[in-house]
Amino acid sequence: MSDSPTGPGPRRFPRSVYGTGTEPDPRFSLANERTFLAWIRTSLALLAAGVALEGLDLALQPGLRLAASVVLVLLGVLAPVQAWRGWARDERAMRRGVPLASPTLASPLTAGVGLAGLLVLLGLLLR
Amino acid sequence: MSRFDPGLQPERTALAWRRTAVSVLVGSAAGGRLLAGQLGAGAVVLGIAGCAFAVWLHAAAGARARRTSRALARDGHLGRGPDGRVLALTCAFSVLVGAFAVSVVLGHGLSGILTSR
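Residues numbered from 1 in each chain as written. Chains lettered and ligands numbered in written order. Predicted model: local features only at pLDDT ≥ 70, side-chain atom pairs only at ≥ 80, totals over all residues. Heavy atoms only, no water.

If you open the UniProt record of chain B and go to Subcellular location (unreviewed entry), you find "Endomembrane system". (UniProt positions renumbered as here; feature names shortened; annotations may be inferred.)

Where an unreviewed UniProt entry is consulted, chain A appears under the name Putative membrane protein, with the organism given as Kineococcus rhizosphaerae. Reading the Subcellular location (unreviewed entry) entry of the UniProt record for chain A gives the comment "Cell membrane".

Laid out in structure tokens, this is it:
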């Protein structure tokens, strides 16, 4: 190794993450990055579903269809926030050698997707 | 077999970036096409902008993979590897797309409900 994990490397963004602790096992950093990307793709899928529901003018009761769309796109806006905050928090925790927290948005996401499904089902029955 | 990790983590991470870039490309193209009927040329321009971001993201994924590989070969850790800049940009792009999606959904849904009364 040409320098130690704690040695002065280049300034890496963000300082709030890389300014603390020591370089963790690279496999853990890479896994953390893939988790970030999975949240980003989840966001894209939620936004696509929400926009498609309205944009394709599917034959559902209009109010319930709009409600389902709004739930999906709002979750789609929150998912990238979870992606970034979760990535930064986990990377910082790994650098400090402390336990990782669970994703804050996991339960709201489950509830929200379930709710959207229920609204679509009702929208189909009540059209 | 990877030189660094039998679990192929650098390779899987590079593929995850490319998969995300392709998702952005498909989503932008499909979204631009779907909304062109309602929003006209504006939707096409935004769709093309999204596609351009996807192409840049795909290139950035390649650069990132090379940088990861170089840092691991030289140091055995990612101290001189890639940082969070591309992640922050990807996140900002997603939030922008999300804000746009909220306005499209609300605009379309509410106008549909109001005109039907």
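Still more ground to cover, so stick around.
## A closer look at the nonpolar core
Among the nonpolar cores identified, the biggest contains 36 residues, and Phe36, Trp39 and Trp87 of chain A together with Trp17, Val24 and Leu57 of chain B are the most heavily contacted of them. Elements represented by at least two residues in this core include exactly helix H1 (15-18), helix H2 (26-55), helix H3 (62-96) and helix H4 (106-125) of chain A together with helix H1 (9-39), helix H2 (41-75) and helix H3 (85-116) of chain B. Looking at which element gives the most residues to this core, the answer is H3 of chain A, with nine residues. Once residues within four sequence positions are removed from consideration, Val24 of chain B is found in contact with Leu44 of chain A together with Gly50, Phe53, Ala54, Leu57 and Phe93 of chain B. (Core = buried A, V, L, I, M, F, W, Y, C linked by side-chain atoms within 4.5 Å. Buried < 20%, exposed > 50% of the residue type's maximum accessible area, 1.4 Å probe, protein only. Helix = DSSP H or I, 4+ residues; strand = E, 2+ residues; numbered from the N terminus. Contact = heavy atoms within 4.5 Å.)

## As for the environment of Ala21 of chain B
Topologically, Ala21 of chain B is positioned in helix H1. A sequence separation of 38 residues divides Ala21 of chain B from Ala59 of chain B, and the C-alpha atoms of the two residues are 9.1 Å apart.

## Overview of the UniProt feature "transmembrane region" (unreviewed entry) in chain B
Residues and elements named next belong to chain B. Under the UniProt annotation, the feature "transmembrane region" (unreviewed entry) is placed at residues 43-65 and 86-110. For residues 43-65, the end-to-end C-alpha separation is 33 Å, with 100% helix and 0% strand making up the annotated structure. In the segment residues 86-110, helix accounts for 100% and strand for 0%; the C-alpha atoms at its two ends are 36 Å apart.

## Thoughts on the UniProt feature "domain: DUF202" (unreviewed entry) in chain A
The feature "domain: DUF202" (unreviewed entry), as annotated in UniProt, sits at residues 27-93 of chain A in this numbering. Annotated as 91% helix and 0% strand, the span residues 27-93 of chain A places its first and last C-alpha atoms 15 Å apart.

## Here's the deal with the interface of chain B and chain A
Residue-level contacts link 46 residues of chain B with 46 residues of chain A. When chain B packs against chain A, close to 3800 Å² is buried across both sides, 72% of that on carbon and sulfur atoms. For the pair chain B and chain A, the interface holds one salt bridge. With a shortest N-O distance of 3.1 Å, Glu33 of chain A and Arg64 of chain B are connected by a salt bridge. Seen at the junction of chain B and chain A, the total is 13 residue pairs in polar contact (both at pLDDT 80 or more). Only H1, H2 and H3 of chain B provide two or more residues apiece to the side of chain B that touches chain A. The class makeup of the residues in the side of chain B that touches chain A is 21 nonpolar, 16 polar and nine charged. (Buried area = accessible area lost by both parts, 1.4 Å probe. Salt bridge = Lys/Arg side-chain N within 4 Å of Asp/Glu carboxyl O. Polar contact = N/O pair within 3.5 Å; in protein donor to acceptor, adjacent residues only side chain to side chain. Nonpolar A, V, L, I, M, F, W, Y, C, P; charged D, E, K, R; others polar.)

## Description of empty space enclosed by the protein
Overall, the coordinates contain one cavity of 30 Å³ or more when judged by the stated rule. Its volume calculated, the largest cavity comes out at about 80 Å³. Around the largest cavity sit Arg12, Tyr18, Glu23, Ser29, Glu33, Trp87 and Glu91 of chain A together with Arg64, Thr68, Leu78 and Pro82 of chain B, which together line it. Broken down by secondary-structure element, the contributors of at least two residues to the lining of the largest cavity are H2 and H3 of chain A together with H2 of chain B. For the lining of the largest cavity, the residue count by class is four nonpolar, two polar and five charged. (1 Å grid on protein atoms, 1.4 Å probe; cavity = no way out; pocket = protein on both sides within 12 Å on 5 of 7 lines; lining within 4 Å. Points joined across faces, edges and corners; volume = space filled by probe spheres on them.)

## Comments concerning the packing of aromatic side chains
Residues and elements named next belong to chain A. The final tally for this structure, using the stated rule, is five aromatic pairs over all chains. Centre to centre, the rings of Trp84 and Trp87 are 5.3 Å apart; their planes meet at 40°, and the pair counts as tilted. Of this pair, Trp84 and Trp87 are both found in helix H3, three residues apart, which corresponds to roughly one turn of the helix. The exposure class of Trp87 is buried, given its relative accessible area of 3%. Grouping aromatic residues by their ring pairs yields a cluster made of Phe13, Tyr18, Trp84 and Trp87. (Phe/Tyr/Trp six-rings, centres within 6.5 Å; stacked < 30°, edge-to-face > 60°.)

## Comments concerning the side chain of Arg65 of chain A
Locating Arg65 of chain A in the fold gives a position in helix H3. Exposure remark for Arg65 of chain A: the relative accessible area of 10% places this residue in the buried category. Contacts of Arg65 of chain A, omitting those with residues within four sequence positions, involve Leu53, Glu54, Asp57, Leu58 and Leu60 of chain A together with His108 of chain B.

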